[in-house]
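Below are the chains, spelled out letter by letter.
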Amino acid sequence: MAAETDRLHPWRSGPRLGVAYYNEYLPDPSRLETDLRLMADAGITSIRVGESVWSTWEPQDGVFDLDWMTPILDGAAAHGIDVILGTPTYAIPPWLARKHPELAVVRKDGASVPWGGRQEVDYTSELFRGYAERVIRTVLGAHGRHPAVVGIQLDNEAGLHLIHNDHVVARFRERVAEQYGDVETLNREWGLAYWSHRIAEWDDLWAPGGNTTPSYDLAWRRFQAELTADFLGWQAGIARELVAEDTFLTTCIAYQRPAMDDVAVGSRLDIASGNAYYLAQDALDLSVDGAGGQWYADDVPQLILMADRMRATGFDRPEMHGGFLVTETGAASIGNAWLTRPPYDGQLAQAAWLLAARGARLVSYWHWHTLHSGHEVHWGGVLGHDLEPGRIYDEIAGLGRQFAQAAEWVADAEPDADVGIVYAHDSEWMMAFEPPLAVPGTEAPDRKAYARIVGDFGRAAIDAGLQVGYVNERQLPSASDLLARFPVLIAAGLIAASDRTLETLGEYARLGGRLIVGPRTGYADDQGRMRSGSAPAVLGPLAGVRYQEFAALSAPVAVEAGSARLGEISGQAHGWMDALDVMDQDAEVLLRYRHPHFGRWAAAVRRKVGDGAIAVVGALLDRQTLRGIVADVAASASRVVSPLVDQPDVVTAHSLVGERGRVWVVHNWSPQECTVHVDRVLSSVLDDDVHEIAGDVVLRGWDVRVWREVPSGSQ
């Protein structure tokens with residue numbers, strides 16, 4: 001019965017290893033049995049198949065070839081490997097592009113996306129959906145109930161384009177009309193008197209290609225994300241008819257896609273899954289600062305935050321037990337040739353255990369073998385171009401043994417979190433429309449400004465030795481529920497915030513939470529309009545601050561401690577500053593600017609509020625200074641105390657709790673050996689011979705350890 005439960009609920013039996021497997025891409029597909037045997041020997045228990053090859057499933061209009069998948073599914077079943085079968089709708093066949101060129105996505109500038117890559121199609125089109133439904137029903141009808149198939153992946157990495165086709169723009173006008181009721185309400189709410197943008201009838205609402213109005217753009221981005229979620233929900237409705245009741249539905253989320261709202265998509269799925277790509281080698285040194293805002297993590301904190309954000313997609317789905325699936329992560333390398341950085345020894349295990357420690361029930365590599373043709377020939381798989389097991393295979397096989405050894409301790413376990421980070425798509429989109437930051441070293445607007453702001457504060461929490469969890473603003477629960485989950489909460493860059501959201505955050509502080517408010521939070525409302533009242537709205541009066549001026553900083557500005565408790569801090573503000581005026585004598589200035597003009601304002605202020613406190617940080621700060629601020633606000637707030645005393649700067653400790661107790665995953669993110677002091681009795685989960693650990697423990701370079709807490713008096 002236990003084995004059957006594991007098969008039906010793989011996210012509750014993790015961590016597990018998987019790969020994307022494309023037998024149809026191999027120079028010699030007859031090596032299927034060899035591949036499956038190598039997978040089974042390495043502890044790989046899941047494969048993802050079929051999502052990229054519509055033209056293989058349907059080589060001509062209405063002509064299907066389905067039998068090629070049968071030996072793959074049969075072979076997987078014979079080797080005890082579960083299968084996630086994909087619907088192939090994100091890469092349309094050439095015959096469909098040639099027959100219906102009108103299905104191409106129209107860009108903002110009116111040009112069509114040319115066929116030759118992938119995701120070029122307008123998936124809102126009823127014409128397209130007719131073809132898509134036909135191939136979905138045919139493929140899943142043939143294979144959806146195969147005993148090896150435990151899950152269906154709907155499409156892949158949806159939301160690449162904002163779709164400007166005429167019928168989509170017409171639907172947007174209808175949506176706006178439905179939401180606002182009459183044109184005068186829209187004119188007032190969006191401030192369309194400006195630049196003669198007032199409309200007299202709904203047909204006057206212009207196409208988004210020339211738009212300059214923030215409220216319009218925010219509504220447009222929300223609408224586009226809804227289209228993506230609706231498309232995947234439409235596929236889910238078809239798939240559910242064709243698979244067993246216990247087959248789960250998911251999709252592979254690329255979180256950086258412009259038309260992706262992961263919470264809206266996640267609500268239509270049984271479990272969240274997505275990409276967790278990262279650069280290896282020296283980028284996995286915890287002392288390194290990456291650029292941020294890319295489709296991959298280029299430093300350790302970004303990888304941690306990436307995993308925590310994936311977990312948050314199912315924040316309000318307790319049946320997920322805090323779990324998610326990593327559908328794709330890197331094996332030998334990621335991306336094009338210039339990003340080829342194969343991991344150093346030990347780094348594959350480091351990354352996989354980090355993902356597992358933050359709730360991943362499946363860590364699946366893209367992909368099994370490095371492709372010999374096509375666009376992604378430098379995206380290194382578990383096997384290289386020679387298709388022979390090598391160092392990467394051997395390390396993953398070792399990881400498979402570790403995962404199997406740890407399964408009883410990690411199954412059903414839920415990650416701990418000290419600090420919650422509020423993430424909001426609306427603020428992300430609003431800052432993409434008019435970024436407050438420039439691309440570093442240039443005067444060009446940085447469309448990823450929101451990710452940079454949130455990432456800076458998340459990195460500071462990690463540097464302070466705290467464990468992080470995300471909560472999407474769309475899922476924000478009551479203040480009391482927030483406090484029960486997170487003793488500390490960060491809301492940075494939350495520019496497009498409703499009164500309700502800000503009031504919930506304020507109440508959270510009054511109830512005893514420690515709230516850190518970052519730059520731009522509460523400056524605009526949830527319609528993308530600049531507020532006319534004091535900034536930051538709602539939270540400013542509680543924190544005893546306001547600001548009337550702000551500045552995009554052309555050069556760093558020195559800051560210094562305004563409170564003796566912070567010691568002799570000497571750091572820098574960069575990128576942006578909200579010029580904070582202290583309005584209440586109970587408010588404590590934590591940081592001041594050291595500058596002939598900006599010195600009149602505070603850079604960070606803290607005030608007790610009810611049973612808690614609010615700290616307003618008005619600027620982006622250097623890494624060490626922001627770490628000090630976050631550590632000061634969060635001092636003694638952690639509900640789960642790390643077993644590491646005087647934790648070295650290159651070490652992280654993450655914990656998760658299951659039926660058998662708490663497990664700690666400890667990383668040394670550096671090439672140098674270091675020593676940690678453990679203040680309690682811990683037992684290794686990975687070693688065959690259980691041994692107790694206390695006192696000093698030496699961690700090798702790029703090391704990861706998995707320890708369980710041993711109750712007092714037991715062994």
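Calculation criteria
For every chain, the first residue of the written sequence is number 1, and numbering continues from 1 along that sequence. In view of the model being predicted, local features appear only for residues whose pLDDT reaches at least 70, and side-chain atom pairs are presented and counted only at 80 or more, with totals across whole chains, interfaces and linings using the full set of residues. To obtain the side-chain values, all non-hydrogen atoms of the structure were used and water was disregarded. Under the DSSP-based scheme used, a helix requires at least four consecutive residues in state H or I and a strand at least two consecutive residues in state E, with every element numbered from the N terminus. As a reference, a globule follows 2.2 Å times the number of residues to the power 0.38, and the radius of gyration itself is taken over C-alpha atoms. For every residue, the accessible area (1.4 Å probe, protein chains only) is compared with the maximum for its type, and the residue is labelled buried under 20%, exposed over 50%, or partly exposed between those bounds. Pairs of residues are marked as contacts when any of their non-hydrogen atoms sit within 4.5 Å. Accessible areas in this description were obtained via Shrake-Rupley with a 1.4 Å probe; residue shielding takes into account the shown protein chains only. We count Lys and Arg on the positive side and Asp and Glu on the negative side, and we leave His and both chain ends out. In plain terms, the charge of a residue is placed at NZ if it is Lys, CZ if Arg, CG if Asp and CD if Glu. Criterion for a salt bridge: a side-chain nitrogen of Lys or Arg within 4 Å of a carboxyl oxygen of Asp or Glu. One bridge is not enough; two strands pair if DSSP finds at least two bridges between them. Polar contacts, as counted here, are pairs of nitrogen or oxygen atoms within 3.5 Å of one another; within protein the pair requires one atom able to donate a hydrogen and one able to accept it, and residues that are adjacent in sequence qualify only if both atoms are side-chain atoms. We define a nonpolar core as any set of buried Ala, Val, Leu, Ile, Met, Phe, Trp, Tyr and Cys residues linked to one another through side-chain atoms lying within 4.5 Å. Helices are assigned an expected span. That span is 1.5 Å times one less than the residue count. Axes, fitted as lines to C-alpha atoms, cover a helix only where it is in contact. Angles between the N-to-C directions of the axes lie from 0 to 180 degrees. The scheme is simple: roughly parallel for angles under 35 degrees, roughly antiparallel for over 145, roughly perpendicular for 65 to 115, oblique for anything else. Throughout, the ten residues Ala, Val, Leu, Ile, Met, Phe, Trp, Tyr, Cys and Pro are labelled nonpolar, Asp, Glu, Lys and Arg are labelled charged, and all others, Gly among them, are labelled polar. Each aromatic pair joins two rings of Phe, Tyr and Trp (for Trp, the six-membered one) with centres within 6.5 Å, and gets the label stacked for planes under 30 degrees apart, edge-to-face for over 60, and tilted for any other angle. Remark: a charge is flagged as sitting over a ring if the NZ atom of Lys or the CZ atom of Arg is within 6 Å of the ring centre and within 35 degrees of the ring normal.

1. Observations concerning the overall build of the chain
A count of helical and extended segments in the chain gives 19 helices and 28 strands. Whereas a compact globule of 715 residues would reach a radius of gyration of roughly 27 Å, the chain reaches 26 Å, a difference of no more than 12%. When the 715 residues of the chain are sorted by exposure, 61% land in the buried category. Counted over contacts in the chain with a minimum sequence separation of 6, partners at least 24 positions apart contribute 72%. Carbon and sulfur atoms make up 49% of the accessible area of the chain, which totals about 26900 Å². Charge separation in the chain, taken as the distance between the mean sites of 62 positive and 97 negative side-chain charges, equals 3 Å.

2. Some remarks on the side chain of Arg129
You can see Arg129 is positioned in helix α6 (residues 126-143). For the buried Arg129, no salt bridge is present, and the opposite-charge side chain at shortest range is Glu126, 4.8 Å distant. If near-sequence neighbours (up to four positions away) are discounted, Arg129 is found in contact with Tyr123, Thr124, Asp230, Phe231 and Trp234.

3. Comments concerning the pairing of strand β1 (residues 16-20)
Looking along a regular strand, one sees side chains alternate from face to face of the sheet. Counting buried positions along β1 yields 5 of 5 residues, so the element is predominantly enclosed. The alternating pattern of β1 places Arg16, Gly18 and Ala20 on one face and Leu17 and Val19 on the opposite face, and all of these are buried. In the sheet, β1 pairs with strand β8 (residues 360-365) via 4 bridges, with the strands oriented parallel. Each residue of the ladder has a partner; that of Gly18, found in β8, is Ser364.

4. Brief notes about the environment of Arg137
Mapped onto the secondary structure, Arg137 falls in helix α6. Arg137 gets classed as partly exposed once you look at its relative accessible area, which sits at 29%. Here Arg137 is in contact with Ile238, Glu241 and Leu242, once residues within four sequence places are set aside. In this structure the side chain of Arg137 is engaged in a polar contact, spanning 3.1 Å, whose partner is the side chain of Glu241.

5. Here we look at the environment of Gly233
Tracing the chain through its elements places Gly233 in helix α9 (residues 214-242). Sequence-wise, Gly233 and Gly330 are 97 residues apart; in three dimensions their C-alpha atoms are separated by 28 Å.

6. Quick look at the nonpolar core
The biggest cluster of nonpolar side chains holds 219 residues, and the ones touching the most others in it are Ile47, Phe128, Trp190, Trp353, Tyr365, Trp368 and Tyr593. Ignoring any residue separated from it by four or fewer positions in sequence, one finds Ile47 in contact with Val19, Tyr21, Met39, Ile72, Ala76, Ile81, Asp82, Val83 and Ile84.

7. Digging into the pairing of strand β3 (residues 82-86)
Taken across its 5 residues, β3 has 5 buried, putting it largely inside the fold. Burial along β3 is two-sided: Asp82, Ile84 and Gly86 facing one way and Val83 and Leu85 facing the other are all buried. Of the pairings in the sheet, the one linking strand β2 (residues 44-49) to β3 comprises 4 bridges and is parallel in character. When the bridges of β3 are listed, Ser46 appears paired with Asp82. Looking at chain direction, β3 and strand β4 (residues 149-153) are connected through 4 bridges and run parallel. From the neighbouring strand, Val83 faces β4, where its bridge partner is Val149.

8. Examining helix α15 (residues 449-463)
The first and last C-alpha atoms of α15 sit 21 Å apart over 15 residues, in line with the 21 Å expected at 1.5 Å per residue. Counting buried positions along α15 yields 14 of 15 residues, so the element is predominantly enclosed. Of the residues flanking the end of α15, it is Gly465, one or two places downstream, whose phi is positive at about 80°.

9. Focus: the pattern of salt bridges
Overall, the coordinates contain 46 salt bridges when judged by the stated rule. A salt bridge links Asp299 to Arg459; its shortest N-O distance comes to 2.5 Å. You can see Asp299 sitting in the loop between β6 (273-275) and α11 (300-312) and its partner Arg459 sitting in helix α15, a full 160 residues away along the chain. We note that Asp299, like Arg459, is buried. With a shortest N-O distance of 2.6 Å, Asp463 and Arg623 are connected by a salt bridge. A residue pair is termed long-range when its members are at least 10 positions apart, and Asp463 in helix α15 and Arg623 in helix α19 (residues 623-634) qualify at 160 residues. Asp463 sits in the buried class, given a relative accessible area of 13%.

10. Structural notes on the packing of α11 against α15
In helix packing, the relevant descriptors are the interaxial angle and the interaxial distance, both defined with respect to the helix axes. Where α11 meets α15, the closest approach of the two axes is 9 Å, and the angle between their N-to-C directions is 100°. In terms of their interaxial angle, α11 and α15 are classed as roughly perpendicular. Where α11 approaches α15, its residues Pro301, Gln302, Ile304 and Leu305 are matched on the opposing element by Gly455, Gly458, Arg459 and Ile462. Residue composition of the contact of α11 with α15, by class: 4 nonpolar, 3 polar and 1 charged.

11. Section: the sheet that holds β8
If you walk across this open sheet you meet the 8 strands as β5-β4-β3-β2-β1-β8-β7-β6, and the pairing is parallel. Two strands in the sheet have a free side with no partner beyond their single neighbour: β5 (248-250) and β6. For this sheet the average axis-to-axis angle between neighbouring strands, irrespective of direction, equals 25°. In this structure, β6 lies alongside strand β7 (residues 324-329), joined through 3 bridges in parallel fashion. Its bridge partner lying in β7, Asn275 is registered against Glu328. Contacting β2, β3 and β4, helix α4 (residues 70-78) runs over the sheet at an angle of about 165° to β2.

12. What to know about the packing of aromatic side chains
In this structure the tally under the stated criterion is 31 aromatic pairs. Between the aromatic rings of Phe172 and Phe223, the centroid separation amounts to 5.5 Å while the plane-to-plane angle is 50°, which identifies the pairing as tilted. Residue Phe172 is located in helix α7 (residues 166-180), and its partner Phe223 is located in helix α9; the two are separated by 51 residues in the primary sequence. The exposure classification of Phe172 matches that of Phe223, with both residues buried. Here the aromatic rings of Trp206 and Tyr216 are separated by 5.2 Å at their centres, their planes lie at 20°, and the arrangement is stacked. Here the residue Trp206 occupies a position in the loop between α8 (183-190) and α9, and Tyr216 occupies one in helix α9, the gap between them amounting to 10 residues. The same class applies to Trp206 and to Tyr216, which are both buried. Taken together through their ring pairs, the aromatic side chains of Tyr22, Tyr25, Tyr277, Trp295, Tyr296, Trp366 and Trp379 make up a single cluster. Lying over the aromatic face of Trp234, Arg129 brings its terminal NZ or CZ to 5.0 Å of the ring centre. The side chain of Arg660 reaches across the aromatic face of Trp409, ending 4.0 Å from its centre.

13. Examining unusual backbone geometry
For the bond from Trp366 to His367, the omega torsion is 20°, close enough to zero to count as cis. Checked against the element boundaries, His367 lands in the loop between β8 and α13 (391-410). Look at the link from Ala535 to Pro536: it is a cis peptide, with omega at -5°. By the element assignment, Pro536 lies in the loop between β13 (514-517) and α18 (539-543). At Leu387, a position not held by glycine, the phi torsion is positive, near 60°. In this structure, Leu387 sits in the loop between β8 and α13. In this model, Trp702 sits at a positive phi of 55°, which is unusual for a non-glycine residue. Among the secondary structure elements, Trp702 is positioned in the loop between β27 (692-699) and β28 (703-709). For Trp702, a relative accessible area of 10% gives the class buried.

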